[in-house]
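# Coordinates in review
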Amino acid sequence: MRAAAEPLLSVRGVETYYGNIIALRGVDLEVSRGEIVTMIGANGAGKSTLMMTICGDPKPRSGQILYDGTDITAMPTHEIMQLGIAQSPEGRRIFPRMTVMENLQMGASLVDPNHFEDDLKRVSELFPRLKERLHQRGGTLSGGEQQMLAIARALMGRPKLLLLDEPSLGLAPLIVKQIFETIRELNENEGLTVFLVEQNAFHALKLAHRGYVMVNGNITMSGTGAELLKREEVRAAYLEGGRH
Amino acid sequence: MEYFVQQLINGLTLGSIYGLIAIGYTMVYGIIGMINFAHGDIFMIGAFISLAVFLLLTSVLGFAFLPVVLLIVLIVAMLFTSAWGWTVERLAYRPLRGSFRLAPLITAIGMSIVLQNFVQITQGARVKPLPPQIRGGITVMQGSTEAGTIVVQLSYMQMIIIVTTLVLMTAFTLLIARTSLGRAQRACEQDRKMAALLGVNVDRTISLTFVMGAALAAVAGLMFLLLYGVIDFYIGFLAGVKAFTAAVLGGIGSLPGAMLGGLLIGLIEVFWSGYFTVEYKDVAAFSILAIVLIFLPSGLLGKPEVEKV
């Protein structure tokens, strides 16, 4: 019973530096199993740094990161990912000179190859556009298609925890809606735990069960998505004018 | 005509050896963006290991059946040379990863000097001869000129070199294109950070790249030993520079480019020696490199990729 109450991911007092410049000033947060948690914040607040710190690159200078009861703070990136975390990172980072198929195969690197056909079918249903472009090079896809590929690639790893860094960045509102809808379905139907970092606060807070607000490397507010949406400070800073 | 065909055969043979070495340069450059200047010396070590194993098998243990002996020599040389390549990467380059770009380059030059001097001290500075092992060949064509009859020969040795190179190149291209290891290597080449995020052990993949390059250099070392019959601690330098030139000519980072560049450098060298002067063969090879790079800065097959951001 203890295990069920324990959060899947907990970040405790994490401080990350780039050289001598501090990027995260003691971040605490928790993501429980089956939750969608979002973190909103302005450009440069440290959201992506937090995502990458969870994955072990860069390593925090102090603090602790626990995943599924294991201390992953000092683990090398590839070993952390083996525990069932997948990330669709900032900037999408599609392998440009590999086909869509090969990008998906890379996503499945850690999974038993017997699952590949089924998983491929599943992501093709989620993103039919990718199916049409399986043998096209990643670098030739449009921005929206690359975003879909980045999420599909992460899903091919059969993660327990999916980290999404700004999936809406640079995308048309319709595609954003579609991607957020997909995330909700994955969460509801398959119990996938999602930690989502967004500048697009309105959509993210509507989607998420809980949210955090990050300012300048600090977490300044937290609460349920609905609560945060009502808060005056949140509305003023992240919603007015930023709403689609 | 006959003279031309003979030079063509000789050029392809020499070019195959350069191509095998060039792959090691191009793969390492592709994955970590450094020129491994010690790679030519890894080739030299491959030749020495080949010689040592060959002498051990024939003179000490008394094996006489040449094909089996050569096969064992090939395998053992590939294994041991790979171990050298792995060690060089582990000791000299990995600790510098993430340091400024020039650091591993300088270390590579240092490593090259270390390897040369190590072999010079342990094996002596004199050339090591090996009597020709594979004699004979087939006559491809015959013709007569005022000067007499010209016989175009394709020796068995040349055949072995060309065929082995073809087989290895095919195997290698398939390995890179089709297997998960090859995919991981290409992923590390394109985006190391992302590869790690997908669970690829980047350090291990880089090590394996060095191991593969060294294994092919060992094959080249054995071929060189059998073809020329003399080696010394210094053969890695010029062969290395030539193979590096081949890799750049073909487009550094491109596997087929390395092979093509190797063949071209081999052909240029042989034809220049055959029709003009032997003394200026290196000048010819490097001049052509310079000319090609003026018009095709990324080499013959290297394509600068336009990436969408």
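Residues numbered from 1 in each chain as written. Chains lettered and ligands numbered in written order. Predicted model: local features only at pLDDT ≥ 70, side-chain atom pairs only at ≥ 80, totals over all residues.

## What to know about the overall build of chain A
Assigned secondary structure in chain A consists of 11 helices and 10 strands. For 244 residues, the compact-globule estimate of 2.2 N^0.38 gives 18 Å, and chain A sits close to it at 17 Å. Across its three principal axes, chain A shows a C-alpha extent of roughly 45 × 40 × 40 Å. Considering only residue pairs separated by 6 or more positions, chain A has 67% of its internal contacts joining residues 24 or more positions apart. (Helix = DSSP H or I, 4+ residues; strand = E, 2+ residues; numbered from the N terminus. Rg over C-alpha atoms; globule rule 2.2 N^0.38 Å. Contact = placed C-beta atoms within 7 Å.)

## Focus on helix α10 (residues 255-275) of chain B
Its 21 residues give α10(B) an end-to-end C-alpha distance of 30 Å, which sits within 8% of 30 Å, the value for a rise of 1.5 Å per residue. Across the 21 residues of α10(B), 15 count as buried, placing the element largely inside the fold. (Expected span 1.5 Å × (residues − 1). Buried ≥ 20, exposed ≤ 12 C-beta atoms within 10 Å, placed from the backbone.)

## Section: helix α9 (residues 235-250) of chain B
All names here are of chain B. Between its terminal C-alpha atoms α9 stretches 23 Å, which fits the 22 Å expected from 16 residues at 1.5 Å a residue. Of all 16 residues that make up α9, 13 are buried, and the element is covered over most of its length. One or two residues past the end of α9 sits G251, with phi positive at roughly 110°.

## With respect to the sheet that holds strand β8 (residues 193-198) of chain A
Residues and elements named next belong to chain A. A sheet is described by the order of its strands in space; here six strands give the open sequence β6-β7-β8-β3-β9-β10, paired in mixed fashion. In the strand order of this sheet, the two ends are held by β6 (85-88) and β10 (218-224), each with one partner. Strand-to-strand, the axes of this sheet are offset by a mean angle of 15°, without reference to chain direction. Inspection of the sheet shows strand β3 (residues 36-41) paired to β8 by five bridges, in the parallel sense. Within β8, the residue paired with M39 across the bridge is V197. (Pairing = 2+ DSSP bridges. Axes fitted to C-alpha atoms, helices over the stretch in contact; angles between N-to-C directions.)

## Brief notes about the interface of chain A and chain B
In this complex, chain A contributes 21 residues to the contact, which on the side of chain B involves 18 residues. Those elements giving two or more residues to the side of chain A that touches chain B turn out to be α3 (77-82) and α4 (100-107) of chain A. In terms of residue class, the side of chain A that touches chain B is built from eight nonpolar, nine polar and four charged. (Nonpolar A, V, L, I, M, F, W, Y, C, P; charged D, E, K, R; others polar.)

## Description of the sheet that holds strand β5 (residues 70-71) of chain A
Reading across from one edge, β2-β1-β4-β5 (chain A) is the order of the four strands in this open sheet, with antiparallel pairing throughout. Because the sheet does not close on itself, it has two edges, and the strands there are β2 (21-31) and β5 of chain A.

## Considerations on the pairing of strand β7 (residues 161-165) of chain A
Residues and elements named next belong to chain A. Of all five residues in β7, five are buried; the element is thus mostly enclosed. By the alternation rule, side chains of β7 split into L161, L163 and D165 and L162 and L164, which are all buried. Here four bridges tie β6 to β7, and the two strands are oriented parallel to one another. In the strand pairing of β7, I85 is matched with L161. As judged from the five bridges shared by β7 and β8, these two strands associate in the parallel manner. Bridge pairing in β8 places L164 opposite L196. Traced from β7 through helix α8 (residues 173-190) to β8, the parallel crossover comes out right-handed. (Right-handed = clockwise from strand over helix to strand, strands pointing away.)

## Some points on unusual backbone geometry
Residue and element names in this part refer to chain A. The residue after D57, namely P58, is reached through a cis peptide bond having omega 5°. With a phi angle near 50°, R93 is a residue other than glycine that sits in the positive phi range. Phi at R158 is positive, roughly 45°, even though this residue is not glycine. Mapped onto the elements of the fold, R158 is located in the loop between α7 (143-156) and β7. By the C-beta count within 10 Å, which is 16 here, R158 ends up partly exposed.

## Considerations on the environment of B:A38
Residue and element names in this part refer to chain B. Of note, A38 is situated in the loop between α1 (2-32) and α2 (39-60). Distance from A38 to S112, taken between C-alpha atoms, is 4.2 Å for residues 74 residues apart in sequence. Discounting residues that sit within four places of it in the chain, A38 has contacts with V88, A108, M111, S112 and L115.

## Focus on the packing of helix α5 (residues 156-178) of chain B against helix α6 (residues 180-190) of chain B
Residues and elements named next belong to chain B. At their nearest, the axes of α5 and α6 sit 5 Å apart, and the two run at 70° to each other. Between α5 and α6, the crossing angle belongs to the class labelled roughly perpendicular. Of the residues in α6, those in contact with L175, I176, A177 and R178 of α5 are L181, G182, Q185 and R186. Of the residues in the contact of α5 with α6, the class split is four nonpolar, two polar and two charged. (Parallel < 35°, antiparallel > 145°, perpendicular 65-115°, else oblique.)

## Digging into the nonpolar core
Core analysis: the largest hydrophobic core is formed by 158 residues, its most contacted members being A:A152, B:I21, B:A47 and B:A220. Among the elements that make up this core, the one with the highest residue count is helix α8 (residues 202-228) of chain B (17 residues). Apart from the residues lying within four places of it in its own chain, the contact partners of B:A47 are B:G221, B:L222, B:F224, B:L225, B:I231 and B:I235. (Core = buried A, V, L, I, M, F, W, Y, C linked by C-beta atoms within 7 Å.)

## Section: the packing of α10(B) against helix α11 (residues 281-295) of chain B
Residue and element names in this part refer to chain B. Running from N to C, α10 and α11 cross one another at 140°; their axes reach a closest spacing of 8 Å. If you check the angle between α10 and α11, you find them oblique. Viewed along their axes, α10 and α11 form a crossing whose handedness is right-handed. Of the residues in α11, those touching α10 at I265, I268, E269, W272 and S273 are K281, A284, A285 and I288. (Left-handed = near helix turned anticlockwise from the far one by under 90°.)

## Focus: the pairing of strand β4 (residues 62-67) of chain A
All names here are of chain A. Two strands pair when backbone bridges link them, and strand β1 (residues 9-18) and β4 are joined in this way by five bridges, in the antiparallel orientation. Paired with S10 across the two strands is L66, which belongs to β4. Here β4 hands over to β5 after two residues, with D68 in that stretch at a positive phi of 55°.

## Topic: the confidence of the model for chain B
Confidence in the prediction of chain B, expressed as mean pLDDT, is 91, and 98% of residues score 70 or more. Note on the complex model: pTM 0.90, ipTM 0.92. (pLDDT = per-residue confidence, 0-100.)

## Looking at the environment of B:M44
Mapped onto the elements of the fold, B:M44 is located in helix α2. Apart from residues lying up to four places away in sequence, B:M44 is in contact with B:V119, B:G221, B:F233, B:I235 and B:G236.

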